[in-house]
Amino acid sequence: MNISFTEIPGQSPLYLDYLHNFKKVAKYYIKDFRNEGIYEAHFRDVLSKYPSDRKQVTQTIKNQYLGKRISARTSQNIKLLEEKNSLAIVTGQQLGLAGGPLYTIYKTISAIKLATHLNEKYPDFHFVPVFWLAGDDHDFEEISSISVLSGENKVESIVYKTDDDPEREAGSVGGMRLEREIDGFIEQFGNTVRTTEFTTDVISFLSTVYQAGKTVAESFSEMMFKFFDKYGLVIFNPQASDVKRMLLPVFRNELENYRTHASKLIQISAGLDEEYHAQVKIRPINLFVNNENGRYLLDPLENNEFRLKRKKVKFSKEELVQLLDSSPEMFSPNVILRPICQDWLFPTAFYVGGPAEIAYFAQIVQLYKSFNLATPIAWPRISATIVEKSVQSLVQKYGISVNDFFELKGEIFNKVASLISEYDIDGKFDAVGGTIDGIFEELKEYLAEIDKTLVDPAEKNRQRTLQYLTEMKGKAEAARLRKHETSMNQLQKSYSMILPNDNLQERELNYFYFANKYGLGFYEYLIEKLDGMNFDHQVVLL
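Residues numbered from 1 in each chain as written. Predicted model: local features only at pLDDT ≥ 70, side-chain atom pairs only at ≥ 80, totals over all residues. Heavy atoms only, no water.

Draft legend 1. View of the packing of helix α1 (residues 13–20) against helix α15 (residues 355–364). The geometry of α1 relative to α15 is characterised by a closest axis approach of 9 Å and an angle of 90° between their N-to-C directions. Taken as axis vectors, α1 and α15 run roughly perpendicular relative to one another. When α1 is examined against α15, the residues Leu14, Tyr15 and Tyr18 are found in contact with a partner set consisting of Pro355, Ile358, Ala359 and Ala362. Residues of the contact of α1 with α15, tallied by class, amount to seven nonpolar, no polar and no charged. (Axes fitted to C-alpha atoms, helices over the stretch in contact; angles between N-to-C directions. Helix = DSSP H or I, 4+ residues; strand = E, 2+ residues; numbered from the N terminus. Parallel < 35°, antiparallel > 145°, perpendicular 65-115°, else oblique. Contact = heavy atoms within 4.5 Å. Nonpolar A, V, L, I, M, F, W, Y, C, P; charged D, E, K, R; others polar.)

Shown next as structure tokens:
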């Protein structure tokens, strides 16, 4: 079962046109992901412009896998990256605790499925799925909590909190070491979800992967490895010092040409803002510098000087160049430059992303020319909602559809109440409203004959009366909901499953909520059921 994104309120017009009307956005993206006729030429373009030393990149990957017993498929894929006809299918994500929202899993499955599809269809090339660990971000609050449904089907937030000073500037999230409070985070998860036959296994898994002393990147990587290594997924950590050294040409280019880059980006973003919206705010320069106190964006000053944002620390351009050469690990890209870094290291044919990523991709396509790189094609990730049997039973009981949840959102409660109630509130208030309209129209005609100045006051009274009627209707609907409290509570539980916090399930609920109910290997079921070539919102009926 599928639901078109056009039927789900609140979707980005830019994303909808990217999916369904590419001609309108072609000037921003250039390459249409649906046009398979351009694929082979695109693959050759990527390969011809790929700048990095393949053996150096693969040796770095091998170093990151030291001590792990990797699958034959992953081992083969790492070797394939050395081949001149190999291309990468890249996805990535911030390193949310326990994987963050469900879409992290969907992104990964999308990359694996797309690589499999392309390997079957284009035997002259090799395609390797790669997961880029986006650990350079410094917003720890953004990745420090997950959402699950409690035993009462209420959305609950599980938060990892430490005793660190909240005012202290955080460094890169990936390098942060977990503290003893991680045990409390896992314990809170176990106390919140309903106890099932799988709860002990899930708690044991999380406790093994997320331990005090491990970094956030190590834990996230281990989790993804345990799930997806057998499918050949290559997991890559860009924070390693040898990786930063390979990225020196990118960092130097940005440092030398940041004004030109910013000018191009601002021009494109202005055009986007006129037609759609610019997803990312453009900065004067797209580099961060790490020091012992945190991770800071560079701010250009006059006279070829730079300052760490919100700090008094200054550098001359020559000092920055020297620092870059001696300690490249101190530098990291922002969200605009990250794709360039990614595609400098990997011959990326496709980047698998969600609506927000595809939106900001429109801003940066032109930047690839400044680095003489081929632009990858943005591939929309799988989007899905898991519908459990209890929800299916309720939908059948009340004669509604899963689509109704997405189209009506909160109004679905009044729809169900109207279906099961003997009171037709809509019909009654529509009839009364029509009668009042008729009475006032007749009255205004009569008053116009006597004195035209009386028509305006009559119209204002009509509007006030109808406003009062609307308020009364709201109260009547609320009373009807109370009259069917049991049914509304059942509906609320289903609503929380499908649209937790009034948002798509994939953007709110964590994978381990479902693993707790259906087993740690639930991702295998999702791989089987989800269609990587389907660009609607998929509904998975359990």
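Draft legend 2. Main features of the nonpolar core. Judged by nonpolar contacts, the single largest core of 172 residues is most densely connected at Phe228, Phe346 and Phe512. Discounting chain neighbours no more than four positions away, the residues touching Phe346 are Tyr50, Val57, Ile61, Leu81, Ala88, Val90, Val130, Trp132 and Phe236. Membership of the second largest hydrophobic core comes to five residues, among which are Ile425, Phe429, Phe440 and Leu469. (Core = buried A, V, L, I, M, F, W, Y, C linked by side-chain atoms within 4.5 Å. Buried < 20%, exposed > 50% of the residue type's maximum accessible area, 1.4 Å probe, protein only.)

Draft legend 3. Focus on unusual backbone geometry. Notably, Asn372 is not glycine yet its phi reads approximately 55°, a positive angle. With respect to the element layout, Asn372 can be found in the loop between α16 (367–370) and β13 (377–380). Given the relative accessible area of 53%, Asn372 is considered exposed. Even without a glycine there, the phi angle at Asp502 is positive, about 60°. The topology assignment puts Asp502 in the loop between α22 (485–498) and α23 (511–518). Judged by its relative accessible area of 46%, Asp502 falls in the partly exposed class.

Draft legend 4. Quick peek at the sheet that holds β13. Reading across from one edge, β6-β3-β2-β12-β13 is the order of the five strands in this open sheet, with parallel pairing throughout. Here the strands that pair on one side only, and so sit at the sheet edges, are β6 (234–236) and β13. Along the sheet, successive strands turn relative to each other by an average axial angle of 30°, direction set aside. (Pairing = 2+ DSSP bridges.)

Draft legend 5. Structural view of the environment of Ala134. Tracing the sequence through the fold places Ala134 in strand β3 (residues 126–134). For Ala134, a relative accessible area of 13% puts it in the buried group. Taking the C-alpha atoms as reference points, Ala134 and Ala217, 83 residues apart in sequence, are found 8.6 Å from one another. Those residues in contact with Ala134 that sit more than four places away from it in its chain are Gln93, Gln94 and Leu95.

Draft legend 6. Region of the structure containing the pattern of salt bridges. As enumerated under the stated definition, the model contains 24 salt bridges in all. Here Glu256 ties to Lys317 by a salt bridge, and the two come within 3.0 Å at their closest N and O atoms. Placement of the pair is Glu256 in helix α12 (residues 248–275) and Lys317 in helix α13 (residues 317–326), with a sequence separation of 61 residues. Taking relative accessible area as the criterion, Glu256 reaches 46% and is therefore assigned partly exposed. By relative accessible area, which is 13% here, Lys317 ends up buried. One network of salt bridges, with partners in common, ties together Asp437, Glu441, Lys444, Glu459 and Arg462. (Salt bridge = Lys/Arg side-chain N within 4 Å of Asp/Glu carboxyl O.)

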